[in-house]
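Each chain, letter by letter, is given below.
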Amino acid sequence: MSKKLVLKSIVIMLAACGVLLSHHNGFTENEKGKAVMNPAVPAKEIKIPDVVATVNGTNISGAEFSKTLQSFKKRLTTMGQQFPEERAKDINKSLIEDMISRELLMQNSKKKGIKISDDELKKEIDTIKSRFPSEDHFNQMIKSQNMTMDDIKTDVRKGITIKKLIKNDIENKVSIDEKTVDDYYKNNSAQFLEQESVKASHILVKADKNATKEAKEAAKKKIDGLLKKVKGREDFAKLAKENSDDPGSGQNGGDLGFFGKGMMVPPFEKAAFSLNKGEVSDVVETEFGYHIIKMVDKKPGRTIPLNEIHDKLKDYLKSMEVNKKLSEYITNLRKTAVVKVVEF
């Protein structure tokens, strides 16, 4: 299945679990690819009211909204994107609508007597912690979101409660037959094209476009010396680990894994795809500095056979149907609810 399809599936499942604003490990390695940034627009000072909405008499506070908005902005930052200030009003409305939907689902969960035990809560928090390199990294995430552990427990408990409601009322009633899977695969063949990709390692010596002439000369001298060692059959992974300025790949011996076209800056991509398996490039200059690239493996482009992605595709199609039913479910809850949104 294409990465686009998998990503879409993940987003939909987050929505279905009622955790659109959930926390996750946002570590990125920007030097491996290209970050496209929107031009910065000065932030407008907006006074957030004490209450942004009420749902059947229950307030959604301005403080809750502010926390949600800051979390959203920080996730954009971890992805190398800026908050689009020119769209701030629309984004604020969307975030509030998400919060209203969650409150409707929570209220319905309470009506149906859905409860989460302390053991269930602990298990889920332990699962979240396991996605971080260490507990310190997890605690840093909490701190960066201006949250406490009690805030995390409250959010996670809500997420599990809503997930259980959706499982009982929607997910368990949705099934996908084989004809649906086959038809989707046949009618959406472009989504299952896997482009040519290469697996490469590199050594980076930083020298960005703002570096002084002396700094660039020093970097070039260093990379030339490393290339000489590589050509002299010294261990590439060891040299990368000891000398590369790419913190992401350097500690792994320069390993970048497999990547397709369009994922790296043009000079790097051109050099990597021109190499044969086992070959090493000459020095390649990019906006990040100087690189030595080693071709490790290459995969030709192909159409992924259905048997390889059958289960993932079936899960994806189910998540699409669950998401559709969830939207209808929330719409029906809202029809009988008293919802007031404060304009600001």
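A. Examining the overall build of the protein chain more closely. Counting secondary structure elements, the protein chain contains 12 helices and nine strands. By residue count, 39% of the 344 residues in the protein chain fall in the buried class. Surface accessibility of the protein chain: about 20700 Å² in total, with carbon and sulfur atoms responsible for 51%.

B. Main features of helix α3 (residues 88–111). Along its 24 residues, α3 runs 35 Å from first to last C-alpha, staying within 8% of the 34 Å computed at 1.5 Å per residue. Directly beyond the C-terminal end of α3, a positive phi value near 75° is found at Gly113.

C. Structural detail: the nonpolar core. Core analysis: the biggest nonpolar cluster contains 28 residues, and Ile60, Phe65, Ile100, Leu104, Leu105 and Ile170 have the highest contact counts within it. Where this core is concerned, the elements lending two or more residues are β1 (51–55), α2 (62–78), α3, α6 (149–169) and α12 (306–335). Sequence-distant contacts of Phe65, defined by excluding residues within four places in its chain, comprise Ile48, Val52, Asn92, Leu95, Ile96, Met99 and Phe344. The next biggest cluster of nonpolar side chains, apart from the first, holds 16 residues, and it includes Leu256, Met264, Phe268 and Val284.

D. Structural view of the pairing of β1. Most of β1 sits inside the fold, with four of its five residues counted as buried. Here β1 pairs with strand β2 (residues 58–61) via four bridges, running antiparallel. Bridging across to β2, Ala53 finds its partner in Ile60. Hairpin connection between β1 and β2: a loop of two residues separates the two successive antiparallel strands, and Asn56 in this loop has a positive phi of roughly 55°. In the sheet, β1 pairs with strand β9 (residues 339–341) via three bridges, with the strands oriented antiparallel. Residue pairing for β9: Ala53 is matched across the bridge by Val341.

E. Region of interest: the sheet that holds β2. Spatial strand order, β2-β1-β9: three strands in an open sheet with antiparallel pairing. Looking along the sheet, the strands with just one partner apiece sit at the ends: β2 and β9. Across the sheet, the mean angle from the axis of one strand to that of its neighbour is 20°, orientation sign disregarded. Across the sheet, α2 is in contact with β1 and β2; its angle to β2 comes to roughly 45°. Packing of α3 onto the sheet brings it into contact with β1, β2 and β9, and relative to β1 it is tilted by some 35°.

F. Region of the structure containing the side chain of Thr286. Assignment of secondary structure puts Thr286 in strand β6 (residues 284–286). A distance of 2.7 Å separates a polar atom in the side chain of Thr286 from a polar atom in the side chain of His291.

G. Main features of the packing of aromatic side chains. Applying the stated rule across the entire model yields eight aromatic pairs. Taking the centre distance of 5.6 Å and the plane angle of 75° together, the rings of Phe132 and Phe138 count as edge-to-face. Note on accessibility: Phe132 and Phe138 belong to one class, buried. Consider the rings of Phe259 and Phe273, whose centres lie 6.3 Å apart with planes at 80°: the pair is edge-to-face. Note that Phe259 is positioned in strand β5 (residues 255–260) and Phe273 in helix α11 (residues 266–274), a separation of 14 residues in sequence. The same class applies to Phe259 as to Phe273, namely buried. Here the aromatic residues Tyr184, Tyr185, Phe192 and Tyr316 are joined through ring pairs into a cluster of three or more.

H. Region of interest: the packing of helix α8 (residues 213–231) against helix α9 (residues 236–243). Packing of α8 against α9 leaves a shortest axis separation of 10 Å and a crossing angle of 160°. By the angle class used here, α8 and α9 are roughly antiparallel. Where α8 crosses over α9, the two elements pack in a sense that is right-handed. Listed contacts from α9 to Lys222, Leu226, Lys229 and Val230 of α8 are Phe236, Leu239 and Asn243. Considering only residue class, the contact of α8 with α9 consists of four nonpolar, one polar and two charged.

I. Spotlight on the pattern of salt bridges. Going through the model one piece at a time under the given rule, you end up with 16 salt bridges. Salt-bridge contacts for Lys231 lead to Asp282; the nearest nitrogen and oxygen are separated by 3.9 Å. Taken as a pair, Lys231 in helix α8 and Asp282 in the loop between α11 and β6 lie far apart in primary sequence, 51 residues in all. Its relative accessible area of 53% is what places Asp282 among the exposed residues.

Rules and cut-offs
- Residues numbered from 1 in each chain as written.
- Predicted model: local features only at pLDDT ≥ 70, side-chain atom pairs only at ≥ 80, totals over all residues.
- Heavy atoms only, no water.
- Helix = DSSP H or I, 4+ residues; strand = E, 2+ residues; numbered from the N terminus.
- Buried < 20%, exposed > 50% of the residue type's maximum accessible area, 1.4 Å probe, protein only.
- Areas by Shrake-Rupley, 256 points an atom, 1.4 Å probe, with all protein chains shown as cover.
- Expected span 1.5 Å × (residues − 1).
- Core = buried A, V, L, I, M, F, W, Y, C linked by side-chain atoms within 4.5 Å.
- Contact = heavy atoms within 4.5 Å.
- Pairing = 2+ DSSP bridges.
- Axes fitted to C-alpha atoms, helices over the stretch in contact; angles between N-to-C directions.
- Polar contact = N/O pair within 3.5 Å; in protein donor to acceptor, adjacent residues only side chain to side chain.
- Phe/Tyr/Trp six-rings, centres within 6.5 Å; stacked < 30°, edge-to-face > 60°.
- Parallel < 35°, antiparallel > 145°, perpendicular 65-115°, else oblique.
- Left-handed = near helix turned anticlockwise from the far one by under 90°.
- Nonpolar A, V, L, I, M, F, W, Y, C, P; charged D, E, K, R; others polar.
- Salt bridge = Lys/Arg side-chain N within 4 Å of Asp/Glu carboxyl O.

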